Amino acid sequence: MMKKSLVFVALVVVTALVVLLAELYRPYSNYTGTLIVEIPPGTSAMDVAKILVERGVLEHRYPFLFRYALGRPRNSLKAGEYNFERPLRPIDV
């Protein structure tokens, strides 16, 4: 019984990772056009993701946050104005 439970949990985790990775490489289909988004200094990653979703740059915040968490030691979020001229994949944002 324990082995079946572990297999089930492993399948759920693998499925979730596959879906998350697929979302990282899929541009947002309801993109509305050119947008200028301002990120204020000191904004947390969660708040940046929320701003990007609210403004229509991203469909979901989780792929962006997942990518941020993977690259955090090398990458930091920078405040400023960002111009989004075309649909981008969350991994590119």
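Because the structure is predicted, anything quoted here is derived from the model rather than measured.

Q: What is the right way to read the nonpolar core from this model?
A: Inside soluble globular proteins, nonpolar side chains tend to come together where they are buried. By size, the foremost hydrophobic cluster in this structure holds 13 residues, and its most contacted members are Val37, Leu52, Val57, Phe64 and Phe84. Residue assignment for this core shows that the elements contributing at least two residues are strand 1 (35–39), helix 2 (45–55) and helix 3 (62–71). For this core, the element with the most residues is helix 2, which contributes 4 residues. If we skip the residues at most four places from it in the chain, Val57 touches Tyr28, Leu35, Val37, Leu52, Phe84 and Val93.

Q: Which parts of the structure should I look at to understand helix 3?
A: An α-helical turn contains 3.6 residues, so any two residues separated by three or four positions project in the same direction. The set of residues buried in helix 3 consists of Pro63, Phe64, Leu65 and Gly71. Each element contacted by the buried residues of helix 3 is listed here: helix 1 (2–24) and helix 2.

Q: Sorry if this is basic, but what is going on with the packing of helix 2 against helix 3 here?
A: Helices that pack against each other are described as a pair by the angle of their axes relative to one another and the distance between those axes. The interhelical angle for the contact between helix 2 and helix 3, taken along N-to-C directions, is 145°, at an axis separation of 9 Å. Seen from above, helix 2 lies across helix 3 with right-handed handedness. Facing Ala45, Met46, Val48, Ala49 and Leu52 of helix 2, the residues of helix 3 in contact are Phe64, Leu65 and Tyr68. When its residues are assigned to classes, the contact of helix 2 with helix 3 shows 8 nonpolar, no polar and no charged.

Conventions adopted
- Residues numbered from 1 in each chain as written.
- Predicted model: local features only at pLDDT ≥ 70, side-chain atom pairs only at ≥ 80, totals over all residues.
- Heavy atoms only, no water.
- Core = buried A, V, L, I, M, F, W, Y, C linked by side-chain atoms within 4.5 Å.
- Buried < 20%, exposed > 50% of the residue type's maximum accessible area, 1.4 Å probe, protein only.
- Helix = DSSP H or I, 4+ residues; strand = E, 2+ residues; numbered from the N terminus.
- Contact = heavy atoms within 4.5 Å.
- Axes fitted to C-alpha atoms, helices over the stretch in contact; angles between N-to-C directions.
- Left-handed = near helix turned anticlockwise from the far one by under 90°.
- Nonpolar A, V, L, I, M, F, W, Y, C, P; charged D, E, K, R; others polar.

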